[in-house]
Amino acid sequence: MSNIIMHIDVNSAFLSWTAAYEKQIGIERDIRQVPAVIGGNEENRHGIVLAKSMPAKKFNIQTGESLMEARQKCPNLLVIPPNYRLYVRASKALREYLNTFTPDVEAFSIDECFIKFTDLNKSQSLKLAHKIKENVHEYFGYTVNIGISTNKLLAKMAGDFEKPDKCHTCFPEEIKDKMWPLPVEDLFMVGRRTKSKLNKLGIYTIRDLANADHKLISALLKSHGRLIYAYANGLDASTFKSPSPIKSVGNSSTLKFDVEDYETAHAIILSLVEMTSWRLREAKMMCKVVSISIKDKDFGYISRQYKLPYFTDCTKDIYINICRIFDKHWDKRPIRQLGVSVSDLEEAKFQQMSIFKDRNTLNNEKLDKVIDSIREKYGDTAIVRGVFANSELSPLLGGYPDDEYIGMSSIL
Ligand SMILES: [Mg+2]
């Protein structure tokens, strides 16, 4: 019996999670049944479509296009702002459920993960995959795709064969029939630029790549070429990474304009700290070290940190201390990028009441809890700090935490 690897992928994750959540709290509509998208801020013209419903798809609305374009295709389009808190929660809940089957669950992105079994044969694995798929639907109210094979690459390819709500296998003996006929750009890690390079060599399908001259691919595309050549042949030597405890949490943002005054810089720091401190609280951790990094418009870079005399997860506390180091170290050169992070983490449950914490801090911690719960329920921008009320600045910066998903780096 060899290892069985499954790739679990939530179908239209942001939209499905939102729909399932709305149903849970008793909202009557089902956004999956109407033309709807999840998309960033419509007022700010940079908003894009992050996920779409099937009816929206019929209007030819594409993930990644601007909300303006999408609205032109479908004037009645329902646009729902993203709620990253909800997604992180849903993603965790799914992995916790999968953990009831096996301890080997590896997050690949916010809506994809791999699981490993060592005690199943092939036919048992397909049966189990169907059971998991049906259970997820029943317990959580959304659909997933499950791909099954003996390594991660093949499991991921199988998961993409046909969507939504499907289980597929792609065992090594099935590669020729199931994977090789696909266009080469369907192979994991073959992007648009690689596709056009391969097409110029007359390579159009995964079969063409698998049977191409290894030396030629290697010379043309170097290590990336060797990787996709192995993938085309179904070979993937990657191992299962066990989750390691987080050592730091941070968010940074490249700014749309150069920042030249303290007030604006502080507001941006606050928006970054809002996201960072929330992620810290979500992880049930507290920090002792706070850091700031500043990149100026001439690409000068500094990073400074400060060690607090106590552990904290409080937004205001972290914000004030980061502003203090910022004020001390900024040389007033126009800023292009700001980053904040916290480290020296400890689990929140080990925290005693600290004698260093005054009543103000304790009140601020309570306030954080209230704000977190409001945002979870009504969305990230349901409640924003006063400084952002009449401002062009975004009240939260950083998006969802890519760095917590090991596989996001594109290597399996
Ligand atoms: Mg997905």
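Everything quoted here is computed from the prediction, not taken from an experiment.

Asks: Help me understand the coordination of the magnesium ion, please; the structure alone is not making it clear to me.
Replies: Each pair of donors in an ideal octahedron of six around a metal sits at 90 or 180 degrees, and each pair in an ideal tetrahedron of four sits at 109.5 degrees. Every protein donor of the magnesium ion is listed here as D9 (OD), V10 (O) and D111 (OD), and their distances to the metal cover 2.1 to 2.4 Å. The sequence pattern describing where the donors of the magnesium ion fall on their chain is D-V-x100-D. With D9 in strand 1 (residues 4–10) and D111 in the loop between strand 5 (105–109) and strand 6 (112–117), this residue pair connects regions lying 102 residues apart in the sequence. In terms of burial, D9 and D111 fall into one category: buried.

Asks: Any chance you could explain helix 8 (residues 192–200) here in plain terms?
Replies: An α-helical turn contains 3.6 residues, so any two residues separated by three or four positions project in the same direction. Within helix 8 the residues assigned to the buried category are T194, L198 and N199. Looking straight down helix 8, one finds its buried side chains confined to an arc of 135 degrees; they lie on one side. Those residues of helix 8 that are exposed and aimed more than 90 degrees away from the buried face are R192, R193 and K200. In the core, the buried residues of helix 8 are packed alongside helix 9 (206–210) and helix 10 (214–232). Positive phi shows up at G202, right after helix 8, with a value of about 80 degrees.

Asks: I would appreciate a short explanation of a nonpolar patch on the surface in the present structure.
Replies: Together, L201, L216 and L220 line one region of the surface with nonpolar side chains, adding up to about 230 Å² of accessible area. Taking relative accessible area as the criterion, L216 reaches 41% and is therefore assigned partly exposed.

Asks: Even after reading the chapter, I still don't get helix 12 (residues 315–329), so can you show me in this structure?
Replies: Here helix 12 spans 21 Å end to end across 15 residues, near enough to the 21 Å set by a 1.5 Å rise per residue. Buried residues of helix 12: T315, D317, I318, Y319, N321, I322, C323, I325 and F326, and no others. The secondary structure elements touched by the buried residues of helix 12 are helix 11 (262–282), strand 10 (285–296), strand 11 (301–312), strand 12 (335–347) and helix 13 (359–378).

Asks: How should the pairing of strand 11 be read in this particular structure?
Replies: Regular strands have side chains that alternate between both faces of the sheet. Where strand 10 and strand 11 come together, eight bridges link them in antiparallel fashion. Note on strand 11: the bridge partner recorded for V290 is Y306. What sits between the antiparallel neighbours strand 10 and strand 11 is a turn of four residues, in which F299 has the positive phi angle 70 degrees.

Asks: What should I look at first to understand the pattern of salt bridges in this one?
Replies: A side chain with one charge may pair with a side chain of the opposite charge, provided their charged atoms come close. According to the stated counting rule, one finds 20 salt bridges in the structure shown. Ionic pairing is found between E282 and K92, a salt bridge with its closest N-O pair at 3.6 Å. In this pair, E282 sits in helix 11 while K92 sits in helix 4 (residues 84–98), placing the two residues 190 residues apart along the sequence. You can call E282 buried: its relative accessible area is 13%.

Asks: Looking at this model, I keep getting lost on the packing of aromatic side chains. Mind explaining?
Replies: Aromatic ring pairs: the centre-centre distance and the angle between the two ring planes describe each pair. Under the defined criterion, the tally for this structure stands at 15 aromatic pairs. A ring pair is formed by F108 and F114, whose centres lie 5.5 Å apart and whose planes are at 65 degrees; its orientation type is edge-to-face. Judged by its relative accessible area of 0%, F114 falls in the buried class. Relative to Y231, the ring of F188 has its centre 6.1 Å away and its plane inclined at 35 degrees; by these criteria the two rings are tilted. Taken as a pair, F188 in the loop between helix 7 (175–179) and helix 8 and Y231 in helix 10 lie far apart in primary sequence, 43 residues in all. A residue is classified by how much of its surface remains accessible, and F188, at 14% relative accessible area, is buried. Within the aromatic cluster, the residues linked to one another by ring pairs are F14, W17, Y84, Y87, Y97, F101, Y139, F140 and Y142. Taking the ring centre of W278 as reference, the NZ or CZ of R85 above it sits at 4.2 Å. Looking at K152, its charged tip hangs above the ring of F114, at a distance of 5.6 Å from the centre.

Asks: Which parts of the structure should I look at to understand unusual backbone geometry?
Replies: Glycine aside, residues mostly have negative phi angles, and peptide bonds mostly take the trans form. Note that the residue after K163, namely P164, is joined by a cis bond; omega there is -5 degrees. Take P164: it is sitting in the loop between helix 6 (152–159) and strand 8 (167–169). Even without a glycine there, the phi angle at S12 is positive, about 35 degrees. As for its position among the elements, S12 is in the loop between strand 1 and helix 1 (13–24). S12 sits in the partly exposed class, given a relative accessible area of 36%. Residue D165 is not a glycine yet carries a positive backbone phi of 65 degrees. Tracing the backbone shows D165 in the loop between helix 6 and strand 8.

Basis of the calculations
Residues numbered from 1 in each chain as written. Predicted model: local features only at pLDDT ≥ 70, side-chain atom pairs only at ≥ 80, totals over all residues. Heavy atoms only, no water. Donors = N, O, S within 2.8 Å, 3.2 Å for Na, K, Ca; no water. Helix = DSSP H or I, 4+ residues; strand = E, 2+ residues; numbered from the N terminus. Buried < 20%, exposed > 50% of the residue type's maximum accessible area, 1.4 Å probe, protein only. Arc of directions from axis to C-beta. Contact = heavy atoms within 4.5 Å. Patch = residues over 30% accessible without salt bridge, like charges linked within 9 Å, V, L, I, M, F, W, Y side chains within 5 Å. Areas by Shrake-Rupley, 256 points an atom, 1.4 Å probe, with all protein chains shown as cover. Salt bridge = Lys/Arg side-chain N within 4 Å of Asp/Glu carboxyl O. Expected span 1.5 Å × (residues − 1). Pairing = 2+ DSSP bridges. Phe/Tyr/Trp six-rings, centres within 6.5 Å; stacked < 30°, edge-to-face > 60°. Lys NZ or Arg CZ within 6 Å of the ring centre and 35° of its normal.

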